[in-house]
Each structure stands twice: as structure tokens, then as C-alpha cells.
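Observations on chain architecture
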Amino acid sequence: MLDIRYLRENPVEAEARLKSRGEGVDLSRFQELDTERRGLLQEAETLKALRNRVSDEISKVKDKSQVQDRIAEMRTVSQKVKEMDERLRQLDEELQSVLLTIPNLPDPATPLGRSEEENRQVRTWGAPATFSFQPKSHWDLGEALGILDFERAAKLAGARFVLYRGLGARLERALINFMVDLHTGSHGYTEVMPPLMVNRETMTGTGQLPKFEEDLFRLVDPDFLLIPTAEVPVTNIHRGEILRRDELPLCYTAYTPCFRREAGSYGKDTRGLIRQHQFNKVELVKFTRPSESAAELEKLLADAEKVLQLLQLPYRVMELCTGDIGFSAARTFDIEVWLPAQGCYREISSCSTFGDFQARRANIRYREEEGAKPEFVHTLNGSGLAVGRTLVAILENYQQEDGTIIIPEVLRPYIGGLEFIA
RNA sequence: GGAGAGAUGGCCGAGUAGGUCGAAGGCGCUCGCCUGCUAAGCGAGUAUACUGGGAAACCGGUAUCAAGGGUUCGAAUCCCUUUCUCUCCGCCA
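A brief report on the enclosed structure follows. (Residues numbered from 1 in each chain as written. Chains lettered and ligands numbered in written order. Predicted model: local features only at pLDDT ≥ 70, side-chain atom pairs only at ≥ 80, totals over all residues. Heavy atoms only, no water.)

Helices and strands together make up the secondary structure of chain A, namely twelve helices and 17 strands. Classification of the 422 residues of chain A by burial places 49% in the buried group. Taking the intrachain contacts of chain A between residues at least 6 apart in sequence as the baseline, contacts between residues at least 24 apart amount to 73%. Surface summary for chain A: the accessible area is close to 20600 Å², and the carbon and sulfur share equals 49%. (Helix = DSSP H or I, 4+ residues; strand = E, 2+ residues; numbered from the N terminus. Buried < 20%, exposed > 50% of the residue type's maximum accessible area, 1.4 Å probe, protein only. Contact = heavy atoms within 4.5 Å. Areas by Shrake-Rupley, 256 points an atom, 1.4 Å probe, with all protein chains shown as cover.)

Dropping the structure here:
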């Protein structure tokens, strides 16, 4: 959510900055509602002040028969106040729903651009390996090795699900443990295991609701929503809290399954593990002081990159342009891993700063100094990494001509010392 | 799922025959005083949001005692609903 005062005072600038995202945002509705609300609010509050004053006077009179006319008068005032409050409630609600659907302002550092074509390559790491044979896709490799079973998963649930089996399941689990251990052991994050289903307030706090409900899985009876990423429950850990300055930055890592409807991506990535309704991810989340968030984003990105470096998987880092960053994000770096069978880089992590956008929605604050006014923190998060896609990268990059897979060295302690999957 | 108890400021904790309660008291914290260090002591201050005025310092108004609604001139206090917490019983990985 954007600062209502900023929108009120700088509507032209705000519209221009939002326009750089590609979708035009019309603030005229906001301005109408805001003006009406403030006018009515003043009227209502004046009446309330009168009522409070007169009620006070009434309380001081012992013989109430002397103030019957005043009581009657206040009865009318109260009735009027009630009507105004009802209208105010409506206005507030509408204003909120307008505000909640306005995306974040792109950070000034975010490059201008219309679509992903104009994303900026920041760096590459490692070189795509050359194969003396035609590299196979991970789904062919996985099925041949008996470690990925898409057909039976479809029987159990439907399309876009997978059944990991044997060393496939073991490898997935090894990757999860490797990543979480790295981030807690070497990068200073605190591990958390949050609920996988959450309520609507939580989904609103990080920006999934009200705009993107069609992307989410929902439970019918208690109205729970399945998390599309651990960002949601972990960022909401401190919703409504005032944090102490000396505990910032707060850094959390969480392994969770993620659930996504993937509505609107019907033709895309229909084969293999790339786009699933349920997938595993290790997430990194930070709460920082505003002045430190830019530096913390760099560190978070480096922490995610470290996973690929240790696994010796070639990748590149892309900075998303204004037309490609997500609804809540102000600035985003994607890490894309090299997939030889597809002959391209594919996203495996997305690291963003949200500025105070989520903090304002979720009301997460801190005090810069003892006794100072609370300010909003900045929130950041990134995948560290998407586990299924990491497994894809390992299968495809570490494959050998006979279809067996070499296990990256750093992973071997997590998989009983095994050197390859055959 | 059944029976009962509860939810007050950063924390603890008063306050239920409705008005003098944004809310006693304590702790914590901030500033000052005092004591040749430390501890103790003394004094003052210490919620948030919205909103009006002001360049600002600041001044005014409204709201907030889990959330929402009701009764009333007036609600932390009375009534209803919801959520959450705790205790006991049942069920259960």
C-alpha cells in the first residue's frame, strides 16, 4: 500500500511513476473518495465534539429534569452522527479497496522498460558446459531413472503434479537440507516453519489479496488459503508489531511447499518440473531499517547465488525492469540457472525489496530512536532457492551420456555419500 | 465436539450499581538532580491512528481498553456476535 498522503500531495508524480510499470493507474477515483471522506469526517467530528461536551455538562447536573431539552437535542445529534459514520465507513472501505489494488512504486534504481525483454543482465557466473552428446531433458532423465513419475502423479491429483520416488525424493530432501543449513549456518538466518495455510489478513499483508485471488488455492470450510510462497506467512510473522531497532535486520529462512493455481499459464511449461501446482522452496525473508534495505538486498541476492556456486551450476543475474517487477516489489533481481536441454537460462530465484509497501499493509514498524515516532520497516525476500528447479538443473547439467547423474560434491553428505544416480 | 474462565498501554496489573478513565499502581525506558565509581534515592516525562490549523516548534478535534454491532445524552464498564487464549472432558497424528 502506498502512503495516502503521498498520493494526495503528489498525484501527478505518483501516476507517472506507476505508469512506468506499464499499467496505467487512474488516481481520480482515489481523489474523489479522499476529498469526500475528509470533508465528512470533519463534519462528523465537530458534531461528536459537541456531543461530548454537552454529555459532560449533563453529567454535572444532578437534577436531570432540568436538562431534558439538552438530552433530546443530543439524541438528534447522535442520530445524525450515526448516519455520517455509516457513510464514512462506506467511504473508508472503498478507499481501502482502491489503495489495496494500487501497485508499489518502482524504486528509482529500477531500470525503465516495458517487458521482460528490457530486463538488464547484471552478471553471469560459470560457463554453460558443452556436451559431447545431445543433452536430455530432465523429464526424460527422471523417468528413465525411475526417480520422477508424472503419470502416477496425474492419477493421484492431476496435471502439474509430480511423484518423486527413491533417489529423486532423496535428492529433493537433500537439497532442502543443504540450502537451509547453508543459510542458517553461514548466512545468519533463523529457520522457521510456518503454517502452510493462512487467513485473508495474512494474504493481504504481503499483497496477494485482494487482487490475485485467482492464483491461490482455497480451502472451502474454514476460509483458509494455501500459501503460494513462504514469503506470505514469514513476512506476516511481525504483522502489527513495533520491532526494536537493535534486533534489525531480522533474517528468516523457511523451507515450505508452495501452492499455485497457475491459472492463465495453460500452454506454458506443460512438461516436467518447471511449473507445478505444488513445489518446494527455501525462502529468505528480511526486515530492515529503510537506510539498510538496499545493502541487505545485495546480501540476500549473494546468499541465494551462493547456493548455485556451491552446486557449481552456471547462472546469470537479471535486474527486472519497471514493466516486469511484481505488484508489491520496488526492485527485483532474478537468478536464472542454465538448463542445457532447453538451451536457455530459467528463473530459479527472485530477490526483491518491497520498500515499505508490505510493511504499511501489514503495519510492521520500528523506532529509529527510543521514544521516536514508529516508522515502517522495509521488507525483502528471495528464493534461496526453488528446490524443484534446482533438481532440474542438477539433472540436466550433471547428466552423462548413459543417462546417469553425477551428484554435486557438496550434496553428497546429505545423500549418504552417494556419488551418482544410476 | 461438550463445559467453564478470560482478552486493558512496551510489559505486569487496577478498574464491572455506566459519567470525574487515554485509563490508578508497578516495572521498563528518557531527561534532569543528588551520591567522589557502582547500587540506592529524588523530580519530570513516556501510546497510536486519523484529521484541522501552522513554514516549523506546536496547538486543537475525533477515535482506540481483542474485533464488529446494539442500548444510552454518555460505555473499558450493560447486551449480542465473532476471533483468540487458558482449564477440564471427549477424539486424535
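Further remarks concern the protein's contact with RNA strand B. Of all residues adjacent to RNA strand B, which total 26 residues, the nearest are Arg8, Arg37, Glu45, Arg75 and Ser78. Among atoms of RNA strand B positioned within 4 Å of the protein, sugar and phosphate together represent 78%. At a separation of 3.2 Å, a phosphate oxygen of RNA strand B approaches a polar side-chain atom of arginine 5. Counting residues per element, the ones that place at least two in the surface near RNA strand B are α1 (4-9), α3 (28-60), α4 (68-100) and β13 (365-367). For the surface near RNA strand B, the element with the highest residue contribution is α3, accounting for twelve residues. Looking at the surface near RNA strand B residue by residue, the classes come out as six nonpolar, five polar and 15 charged. (Near = heavy atom within 4 Å. Polar contact = N/O pair within 3.5 Å; in protein donor to acceptor, adjacent residues only side chain to side chain. Nonpolar A, V, L, I, M, F, W, Y, C, P; charged D, E, K, R; others polar.)

Attention now moves to the environment of glycine 207. Residue position: glycine 207 is located in the loop between α8 (200-206) and β6 (225-226). A C-alpha to C-alpha distance of 28 Å links glycine 207 and tyrosine 345, two positions 138 residues apart in sequence.

A few words now on the environment of glycine 142. For glycine 142, the location among the structural elements is in helix α5 (residues 138-145). Using a relative accessible area of 0% as the deciding quantity, one classes glycine 142 as buried. Here glycine 142 is in contact with Ile147, Leu148 and Leu395, once residues within four sequence places are set aside.

Next up on the list: the packing of aromatic side chains. The tally for this structure, following the rule as stated, stands at seven aromatic pairs. When the ring of phenylalanine 131 is compared with that of phenylalanine 133, the centres are 5.3 Å apart and the planes differ by 80 degrees; the resulting orientation is edge-to-face. You can call phenylalanine 133 buried: its relative accessible area is 17%. Arranged with centres 6.1 Å apart and planes meeting at 90 degrees, the rings of tyrosine 252 and phenylalanine 287 form a pair that is edge-to-face. Linking tyrosine 252 in strand β8 (residues 250-259) with phenylalanine 287 in strand β9 (residues 278-288), this pair joins segments that are 35 residues apart in sequence. A relative accessible area of 0% places phenylalanine 287 in the buried class. Feature note: the residues Phe212, Phe327 and Phe357 constitute an aromatic cluster, connected by ring pairs. (Phe/Tyr/Trp six-rings, centres within 6.5 Å; stacked < 30°, edge-to-face > 60°.)

In the structure shown here, the tally under the stated rule is zero disulfides. Not part of a disulfide, cysteine 251 finds its nearest cysteine sulfur in cysteine 351, a span of 13 Å. (Disulfide = S-S within 2.5 Å.)

As a further point, take α3. The end-to-end C-alpha distance of α3, which contains 33 residues, comes to 49 Å, matching closely the 48 Å that a straight helix rising 1.5 Å per residue would cover. Restricting attention to buried positions, one finds in α3 the residues Phe30, Leu33, Asp34, Arg37, Leu40, Ala44, Leu47, Val54 and Ile58. If you follow the buried residues of α3, they end up packed against α1 and α4. (Expected span 1.5 Å × (residues − 1).)

Let us look at the sheet that holds β13. Spatially, the three strands line up as an open sheet ordered β7-β13-β14, and their pairing is mixed. Pairing within the sheet leaves two strands with one partner each, and these edge strands are β7 (242-243) and β14 (374-376). Here three bridges tie β13 to β14, and the two strands are oriented antiparallel to one another. In the strand pairing of β14, tyrosine 366 is matched with glutamate 375. (Pairing = 2+ DSSP bridges.)

Our focus in this paragraph is the environment of lysine 48. The residue lysine 48 is located in helix α3 in this model. Classification of lysine 48 as partly exposed rests on a relative accessible area of 27%. In sequence terms lysine 48 and serine 78 are 30 residues apart; their C-alpha atoms lie 8.0 Å from each other. Excluding residues that lie within four positions of it along the chain, lysine 48 makes contacts with Val81 and Asp85.

Put simply, side chains in a regular strand alternate between the two faces of the sheet. Of all ten residues that make up β8, nine are buried, and the element is covered over most of its length. Note: strand β4 (residues 190-191) against β8, two bridges, orientation parallel. Bridge pairing in β8 places glutamate 191 opposite threonine 253. Two elements, β8 and β9, share ten bridges in a ladder whose sense is antiparallel. Its bridge partner lying in β9, alanine 254 is registered against glutamate 283.

The next subject is the side chain of aspartate 334. Its location among the elements puts aspartate 334 in strand β11 (residues 331-339). For the buried aspartate 334, which has no salt bridge, the nearest side chain bearing the opposite charge is arginine 389, at an N-O separation of 8.0 Å. A distance of 2.8 Å separates polar atoms of two side chains, one belonging to aspartate 334 and the other to serine 350. Residue contacts for aspartate 334: discarding those within four places in its chain leaves Arg316, Val317, Met318, Leu320, Glu347, Ser349 and Ser350. (Lys, Arg positive; Asp, Glu negative; His and termini not counted. Salt bridge = Lys/Arg side-chain N within 4 Å of Asp/Glu carboxyl O.)

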